[in-house]
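Notes for the structure review
Listed below, chain by chain, are the residues.
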Amino acid sequence: MKLAPTLVFAWLASAAYSKLTARSMQVHEKRDLANIPLAFEAVGPAPPDTMLNLRMALVQGNISALEKALMDVSTPDSPLYGQHLTKEQVEALVAPKPESVAAVNGWLGENGIQATTISPAGDWLSFSIPVSKANTLLGADFTVFNHTPTGNTMIRTLEYSIPADLVGHLDLVHPTTTFTQPFQKPSINFTPLKNKRDRRAVNISSDAVPASCSATITPTCLEALYGIPTTPALVQTNMLGVSGFLQQFANQEDLKTFLINFRPDANTDTKFSLLTLDGGSNSQVLSEAGIEANLDTQYTIGVATSVPTTFISVGSQNRDDLNGFLDIIQALLSESNPPQVLTTSYGANENEISANLAKNLCTAYMQLGARGTSILFSSGDGGVSGTQDQQCKTFVPSFPSGCPFLTSVGATAGIAPEVAATFSSGGFSEVFATPSYQAAAVSQYLNTLGSTNAGLFNPAGRGFPDISAQGENVEIVFQQQFGTVAGTSCSTPIMAGIFALINDRLAQQNKPPLGFLNPLLYSAQGVAAFTDITSGNNPGCNTNGFPARAGWDPVTGLGTPNFAALLAAVGL
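Because the structure is a prediction, the values reported are computed rather than measured.

Re the side chain of histidine 84
- For histidine 84, the position within the fold is in the loop between helix H1 (63-74) and helix H2 (87-94).
- With a relative accessible area of 17%, histidine 84 lands in the buried category.
- Those residues in contact with histidine 84, other than ones at most four positions away along the chain, are Val73, Gln89, Gly369, Ala370, Arg371, Gly372, Pro512, Pro513, Leu514 and Gly515.

The following block contains the structure:
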């Protein structure tokens, strides 16, 4: 094997030359060129002197114990229900074993590399080396790939190797075999409303859903449909986090106009707080307001009356090559008091991400859930074809909805009755197995499905979404205009607001927050707190997709919420 050219590193005490130390290598991750996402094409070898910002994940110490602890504190009939772990307890379970730290750092040191620890538990390292050295170190062939829809390029390899004696110590190297498509401006469309009618839907009785809700959905519609109370939250330590990416800016002036028109009974001066990372910001220039960011903040604050809400703006200066998804979760794990509910309306297709990386990120969500945070992600808007509508031969699960340690939210449409929104992404993970908490529900659905779509999906996979809410013709304020939007980007912040309100009621009685939701949702009392959606389907990949059926289904999950029944389910 030809060794990489001698390199000089400023961190060395002296300008000593060193050769890469050879070891017996073993292929660790690989994918065939035919299996990379269709949007990418290989251009040619990466320039040897191009610097790569690499991250390594060490095998975590006791993940099985962490998963057991998560389920113990999240399962309603467990004696440990609600006894969430502390930051220190989680980090102690996740921290790699000392021998793993020594082995990996020893190998890197032998090859003139000094890594920096970048995660609270010490399980992630980072360093920068040129392509030539990375190829030799990892037995890789780093190549330039072009993302044809945008013209953006990235450097990836179709396989890499690690020393055989590091298997069991080193989990993954990133970015290598992951081909996440660059975030683009959300495909969510804003349709301006021209008429000057009173924007507030008005109930004709305390139980009636306003007739106008058949055309546009507002907070009043949601209050009537789901029984959401308008009484203000009281506990200021109960927090709701809203993830923001792509320089999507949430505008306070638009929020005020939204509240004046749709929640005049609430404090119309309510504002959200701001947390930034990776160079994120939140311009308040009205012309720079973002549709997605406005939607997410208006329907969390508009539903969760007086719950303190933080907009988390993740900038473009991330070095995680995952659009900031790794960085935001590591930032929140570093917080002493992360929000009790986190809502995210972004995602990727599962086949873009290496299995090892998907599992590692899923474990990060498990860590936050064990600490008492309810994590909600939109399931996507492409039916069975993934996050967005695309050409496909087999169904495309979205990520991270396939992760079993978060709550995936689909969408419904209509009010009499509610039916599945055709765009509501749903299906079965190719990476994660069906978790025990939903095994019975998934089995029932598959039995009724029969041979429909056989061979197009993984019947042994984790099914998603888990729940749903309204996702069509949802009215927002964007740059001081009224208009409607659609997508699971609507239903997810709505559900986040509902769970934040329940957390407030719990906190008022000195009870812990809900935390990881799914064991509760799939319990008998949880299922009873949702209205089953039995009509509609989510077409894609030249099929009709999955049909909504009685019970859980991979279109709308368990259905839409009943606030009073959810309170009863948690003993309130």
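As for the state of the cysteines
- By the definition in use, this model includes three disulfides.
- Paired through a disulfide, cysteine 213 and cysteine 221 show a sulfur-sulfur distance of 2.0 Å. Residues cysteine 213 and cysteine 221 are joined by a disulfide whose S-S torsion is about -90 degrees; by sign, that bridge is left-handed.
- There is a disulfide in this structure between cysteine 362 and cysteine 403, and the S-S distance comes to 2.0 Å. Taking the torsion about the S-S bond as the criterion, the cysteine 362 to cysteine 403 disulfide, at about 80 degrees, is right-handed. With cysteine 362 in helix H9 (residues 355-370) and cysteine 403 in the loop between strand S17 (398-399) and strand S18 (407-413), this pair connects stretches of sequence that are 41 residues apart.
- Since its relative accessible area comes to 1%, cysteine 362 is described here as buried.
- Among the cysteines of the protein chain that take part in disulfides, numbered as they appear in the sequence, the pairing is 1-2, 3-5, 4-6.
- Left unpaired, cysteine 490 is separated from the closest cysteine sulfur, that of cysteine 221, by 13 Å.
- Exposure remark for cysteine 490: the relative accessible area of 0% places this residue in the buried category.

Side note on helix H8 (residues 325-334)
- With eight of its ten residues buried, H8 lies for the most part within the structure.
- For H8, the set of buried residues is Phe325, Leu326, Asp327, Ile328, Ile329, Gln330, Leu332 and Leu333.

Concerning the packing of helix H7 (residues 291-301) against helix H11 (residues 488-508)
- With their axes 8 Å apart at the nearest point, H7 and H11 run at an angle of 30 degrees to one another. Judged by the inter-axis angle, H7 sits roughly parallel to H11. Considering only the axes of H7 and H11, their crossing is right-handed. Across the interface between the two elements, Glu292, Leu295, Asp296, Tyr299 and Thr300 from H7 touch Ser489, Cys490, Pro493, Ile494, Ala496 and Gly497 from H11.
- Taken together, the residues of the contact of H7 with H11 sort by class into six nonpolar, three polar and two charged.

A look at unusual backbone geometry
- Look at the link from phenylalanine 399 to proline 400: it is a cis peptide, with omega at 10 degrees.
- Summarising the element assignment, proline 400 is placed in the loop between S17 and S18.
- Omega for the bond connecting phenylalanine 464 with proline 465 falls within 30 degrees of zero, at 0 degrees, which places this linkage in the cis form.
- Mapped onto the fold, proline 465 is located in the loop between strand S21 (461-464) and strand S22 (467-470).
- Even without being glycine, asparagine 323 reaches a positive phi, approximately 60 degrees.
- One can find asparagine 323 in the loop between strand S13 (309-314) and H8.
- Residue asparagine 323 is classed as buried on the basis of its relative accessible area of 18%.
- Not every positive phi belongs to a glycine, and glutamine 479 is a case in point at roughly 55 degrees.
- Within the fold, glutamine 479 resides in the loop between strand S23 (474-478) and strand S24 (481-485).

Topic: the sheet that holds strand S9 (residues 170-174)
- Spatial ordering of the open sheet is given by S4-S5-S3-S9, a layout of four strands whose pairing is antiparallel. Only two strands of the sheet have a single partner each, and these edge strands are strand S4 (116-117) and S9.
- Where strand S3 (residues 51-58) lies against S9, four bridges are found, and the strand directions are antiparallel. Among the inter-strand pairings, alanine 57 is bridged to a residue of S9, identified as leucine 172.
- Its contacts with the sheet put helix H3 (residues 98-110) on S3, strand S5 (124-130) and S9, and the angle it makes with S3 is roughly 160 degrees.

Procedures and definitions
Residue indices begin from 1 for each chain and proceed along its sequence in written order. For this predicted model, a pLDDT threshold of at least 70 governs which residues receive local features, and a threshold of 80 or more governs which side-chain atom pairs are given and counted, while totals over whole chains, interfaces and linings are taken from all residues. Side-chain calculation: all heavy atoms of the structure are included, whereas hydrogens and water are not. We count a stretch as a helix when DSSP gives it H or I for four or more residues in a row; a strand needs E for two or more, and each element gets its number in order from the N terminus. Classification of residues uses two cut-offs on accessible area relative to the type maximum, computed with a 1.4 Å probe and protein chains only: under 20% is buried, over 50% is exposed, and between them is partly exposed. Only heavy atoms matter for contacts: two residues are in contact if any of them lie within 4.5 Å across the pair. Our working definition of a disulfide is a cysteine sulfur pair at a distance within 2.5 Å. Every axis in this analysis is a line fitted to C-alpha atoms, fitted for helices over the stretch in contact. Angles between the N-to-C directions lie between 0 and 180 degrees. Relative orientations are named as follows: roughly parallel for angles under 35 degrees, roughly antiparallel for angles over 145 degrees, roughly perpendicular for angles from 65 to 115 degrees, and oblique for any other angle. For a crossing to be left-handed, the near helix must be turned anticlockwise from the far one by less than a right angle; the clockwise case is right-handed. Residues were grouped as follows: Ala, Val, Leu, Ile, Met, Phe, Trp, Tyr, Cys and Pro as nonpolar; Asp, Glu, Lys and Arg as charged; and all remaining residues, including Gly, as polar. Strands are labelled as partners when DSSP assigns at least two bridges between them.

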